[in-house]
Amino acid sequence: YTYLAVFLLIAIENLFPPIPSEIILSFAGFLSTAHDLNIYFMIFCSVMGSYVGAVLLYYLGWKLPKKKLFAILMKFHMKEEDLNKSMNWFYEKGKISVFIGRFVPIIRSLISIPAGMVHMKFLPFSVYTISGSLIWNSILILIGGLLGENYQKISVIVKNYGIIILILFFLILFIIKRKKKKRTTFPSSTN
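Computed from a predicted structure; not experimentally measured. (Residues numbered from 1 in each chain as written. Predicted model: local features only at pLDDT ≥ 70, side-chain atom pairs only at ≥ 80, totals over all residues. Heavy atoms only, no water.)

## Examining the overall build of the chain
Then, in step 1: On a plain count of helices and strands, the chain comes out with 10 helices and 0 strands.
Then, in step 2: Helices (α) and strands (β) of the chain occur, in sequence order from the N terminus, as α-α-α-α-α-α-α-α-α-α.
Then, in step 3: Looking at the chain as a whole, 41% of its 191 residues qualify as buried.
Then, in step 4: Expressed as a percentage of contacts within the chain between residues at least 6 apart in sequence, the contacts between residues at least 24 apart total 73%.
Then, in step 5: Roughly 11,400 Å² of accessible area belongs to the chain as shown, and the carbon and sulfur atoms make up 68% of that amount. (Helix = DSSP H or I, 4+ residues; strand = E, 2+ residues; numbered from the N terminus. Buried < 20%, exposed > 50% of the residue type's maximum accessible area, 1.4 Å probe, protein only. Contact = heavy atoms within 4.5 Å. Areas by Shrake-Rupley, 256 points an atom, 1.4 Å probe, with all protein chains shown as cover.)

See the structure below:
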């Protein structure tokens, strides 16, 4: 039941952010290598779990008024401060925040709510969610596989270096954009 367990745990982790995806995914990576499981199917199951959890929160954000939604979520030990943080993140960063948010603890789960509240189109929401989840989940599962029985160390790494990982991610995006811009800029002819 390993694949199903990963799917369900990651879906639940999206709905209840205090559950650490770092532990679940790195353990899944460890299991993949220790028990000769298909690591790519493990990644697929984790991404689908992330997507299902995100879609449920998106749907809640779409259907329920903010006050009622926050009241429901706070019954599940979510903090109003974290919910407001995800709302602000969404409004500051725009739709791309659905993608970027998948790399930030707590925001990763809750970013789906403001996307639903502003009735973000479902296709871009799905593309950003699946893309971000694919990158995040793949990294954690692959690192868990490399660390083997020391897979728990990923939690400390993510906690201590999460900001650095995020900065590196934005730096890579910046470099890619610059290179694309240079390729599309052609020198003018002086004839």
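## Quick look at the packing of aromatic side chains
Then, in step 1: Scanning the entire structure with this criterion turns up 6 aromatic pairs.
Then, in step 2: Between the aromatic rings of Phe41 and Phe44, the centroid separation amounts to 5.9 Å while the plane-to-plane angle is 20°, which identifies the pairing as stacked. Residue Phe41 and its partner Phe44 are located together in helix H3 (residues 39-63), separated by 3 residues, close to a single helical turn.
Then, in step 3: Looking at Phe41, the relative accessible area reads 37%, which means it is partly exposed.
Then, in step 4: Ring pairs connect the aromatic residues Tyr58, Trp62, Phe122 and Phe125, which therefore count as one cluster. (Phe/Tyr/Trp six-rings, centres within 6.5 Å; stacked < 30°, edge-to-face > 60°.)

## Looking at a nonpolar patch on the surface
Then, in step 1: Together, Tyr1, Leu4, Leu8 and Ile12 line one region of the surface with nonpolar side chains, adding up to about 470 Å² of accessible area.
Then, in step 2: Within the fold, Ile12 resides in helix H1 (residues 2-15). (Patch = residues over 30% accessible without salt bridge, like charges linked within 9 Å, V, L, I, M, F, W, Y side chains within 5 Å. Salt bridge = Lys/Arg side-chain N within 4 Å of Asp/Glu carboxyl O.)

## What about the packing of H3 against helix H9 (residues 122-147)?
Then, in step 1: In the contact formed by H3 and H9, the axes pass within 8 Å of each other and the chain directions differ by 140°. Accordingly, the angle class assigned to the pair H3 and H9 is oblique. Classified by chirality, the crossing of H9 by H3 is right-handed. Here H3 contributes Ile39, Met42, Ile43, Ser46, Val47, Ser50, Tyr51, Ala54, Val55 and Tyr58 to the contact with H9, which in turn contributes Phe122, Phe125, Ser126, Thr129, Ile130, Ser133, Leu134, Asn137, Ser138, Ile141 and Leu142.
Then, in step 2: Among the residues forming the contact of H3 with H9, the class breakdown is 14 nonpolar, 7 polar and no charged. (Axes fitted to C-alpha atoms, helices over the stretch in contact; angles between N-to-C directions. Parallel < 35°, antiparallel > 145°, perpendicular 65-115°, else oblique. Left-handed = near helix turned anticlockwise from the far one by under 90°. Nonpolar A, V, L, I, M, F, W, Y, C, P; charged D, E, K, R; others polar.)

## Some thoughts on H1
Then, in step 1: Counted at 1.5 Å a residue, the expected span for H1 with its 14 residues is 20 Å, and the 20 Å between its end C-alpha atoms agrees.
Then, in step 2: Turning to H1, its buried residues are Val6, Ile10, Ala11, Glu13 and Asn14. The buried residues of H1 occupy an angular sector of 160° when the element is viewed end-on, so they sit on one face.
Then, in step 3: Elements that come into contact with the buried residues of H1 comprise helix H2 (21-34), H3 and helix H7 (107-110). (Expected span 1.5 Å × (residues − 1). Arc of directions from axis to C-beta.)

## Here's the deal with the nonpolar core
Then, in step 1: Ala115, Met120, Phe125 and Ile141 are the most contacted members of the largest nonpolar core, which totals 26 residues.
Then, in step 2: Residue contributions to this core peak at 6 residues, all from H3.
Then, in step 3: Setting aside chain neighbours within four positions, we find Ala115 in contact with Tyr58, Phe90, Val98, Met120 and Phe125.
Then, in step 4: Formed by 10 residues, the second largest nonpolar core is a distinct cluster that contains Leu57, Met78, Leu83 and Met87. (Core = buried A, V, L, I, M, F, W, Y, C linked by side-chain atoms within 4.5 Å.)

## Quick word on the side chain of Ser112
Then, in step 1: Tracing the backbone shows Ser112 in helix H8 (residues 112-117).
Then, in step 2: Overall, the relative accessible area of 0% leaves Ser112 in the buried class.
Then, in step 3: When sequence neighbours within four positions are dropped, the list of residues in contact with Ser112 reads Ala54, Leu57, Tyr58, Arg102 and Phe125.

## Re H9
Residues spaced three or four apart along an α-helix face the same direction, because each turn holds 3.6 residues.
Then, in step 1: Across its 26 residues, H9 extends 37 Å between first and last C-alpha, which sits within 8% of the 38 Å expected from 1.5 Å per residue.
Then, in step 2: By the burial criterion, the buried members of H9 are Phe125, Ser126, Thr129, Gly132, Ser133, Trp136, Asn137, Ser138, Leu140, Ile141, Gly144 and Gly145.

## A word on the environment of Phe122
Then, in step 1: Along the polypeptide, Phe122 turns up in helix H9.
Then, in step 2: Considered as a pair, Phe122 and Tyr59 are 63 residues apart in the sequence and their alpha carbons are 9.9 Å apart.
Then, in step 3: Beyond its immediate sequence surroundings of up to four residues, Phe122 is in contact with Tyr51, Val55 and Tyr58.

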